[in-house]
Amino acid sequence: MAVPFTLFFLMLSREEEPDDTVFAVVFGLALGLVFALTAFSERFRQRRIKRLGVWDGS
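These numbers come from a predicted model, not from an experiment.

Colleague: Got a minute to help me understand the packing of aromatic side chains in this structure?
Modeller: Tallied over the full model, the rule gives three aromatic pairs. Relative to Phe9, the ring of Phe8 has its centre 5.7 Å away and its plane inclined at 55°; by these criteria the two rings are tilted. Consider the rings of Phe23 and Phe27, whose centres lie 4.4 Å apart with planes at 45°: the pair is tilted. Of this pair, Phe23 and Phe27 are both found in helix 2 (residues 18–52), four residues apart, which corresponds to roughly one turn of the helix. Joined through ring pairs, the aromatic side chains of Phe8, Phe9, Phe23 and Phe27 make up one cluster.

Below, the structure is given as C-alpha cells:
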C-alpha cells in the first residue's frame, strides 16, 4: 500500500520543490504503515475470536 500512495503523492508534487518529494515518500510510507498495522490488528482479532470459539470463520 505504501508504493501506490507514494506514487500518488509524487504525482501531486511540484517538480521545482525538492521538499515535495520527501513529503511524498514520508507520507506514502506512513499511510502504508497505517494499513499494515490495521491488517495486523484485524488478523490478531480474528485469531483471538476463533480461539475463544465465538467465530467459526464464515
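Colleague: Help me understand a negative patch on the surface in this model?
Modeller: A cluster of acidic residues, Glu15, Glu16, Glu17 and Asp19, forms a negative patch on the protein surface. Tracing the chain through its elements places Glu15 in the loop between helix 1 (2–12) and helix 2.

Colleague: Honestly, the pattern of salt bridges in this entry has me stumped. Any pointers?
Modeller: Opposite charge on two side chains permits pairing when their charged atoms draw close. Applying the stated rule across the entire model yields one salt bridge. The partner of Arg45 in a salt bridge is Glu42, with the nearest N and O atoms 2.7 Å apart. Here Glu42 and Arg45 lie together in helix 2, a separation of three residues that amounts to about one turn. Residue class for Arg45 comes out partly exposed when judged on its relative accessible area of 36%. Owing to a relative accessible area of 30%, Glu42 belongs among the partly exposed residues under this scheme.

Cut-offs used in this document
Residue indices follow the written sequence of each chain, beginning from 1 at its first position. Since the coordinates come from a predicted model, pLDDT governs what is reported: local features require at least 70, and pairs of side-chain atoms require 80 or more to be given and counted, while whole-chain, interface and lining totals use all residues. Hydrogens and water are ignored here; the side-chain numbers use all heavy atoms of the structure. Any two rings among Phe, Tyr and Trp, with Trp reduced to its six-membered ring, count as a pair given centres within 6.5 Å; such a pair is stacked if its planes are under 30 degrees apart, edge-to-face if over 60, and tilted if neither. Runs of E in the DSSP output that reach at least two residues are strands. Runs of H or I that reach at least four are helices, and both are numbered from the N terminus. Residues enter patches when they are more than 30% accessible in relative terms and free of salt bridges; like-charged ones are connected within 9 Å and nonpolar ones (Val, Leu, Ile, Met, Phe, Trp, Tyr) within 5 Å. Using the Shrake-Rupley algorithm and a 1.4 Å probe, accessible areas are obtained, with residue cover drawn only from the displayed protein chains. Whenever a carboxyl oxygen of Asp or Glu lies within 4 Å of a side-chain nitrogen of Lys or Arg, that contact is scored as a salt bridge. Think of it this way: Lys and Arg go in the positive column, Asp and Glu in the negative one, and His and the chain ends go nowhere. The location of each charge is read from NZ of Lys, CZ of Arg, CG of Asp or CD of Glu. Buried residues are those whose accessible area, probed at 1.4 Å on protein chains only, stays under 20% of the maximum for their type, while exposed residues exceed 50% and partly exposed ones sit between those limits.

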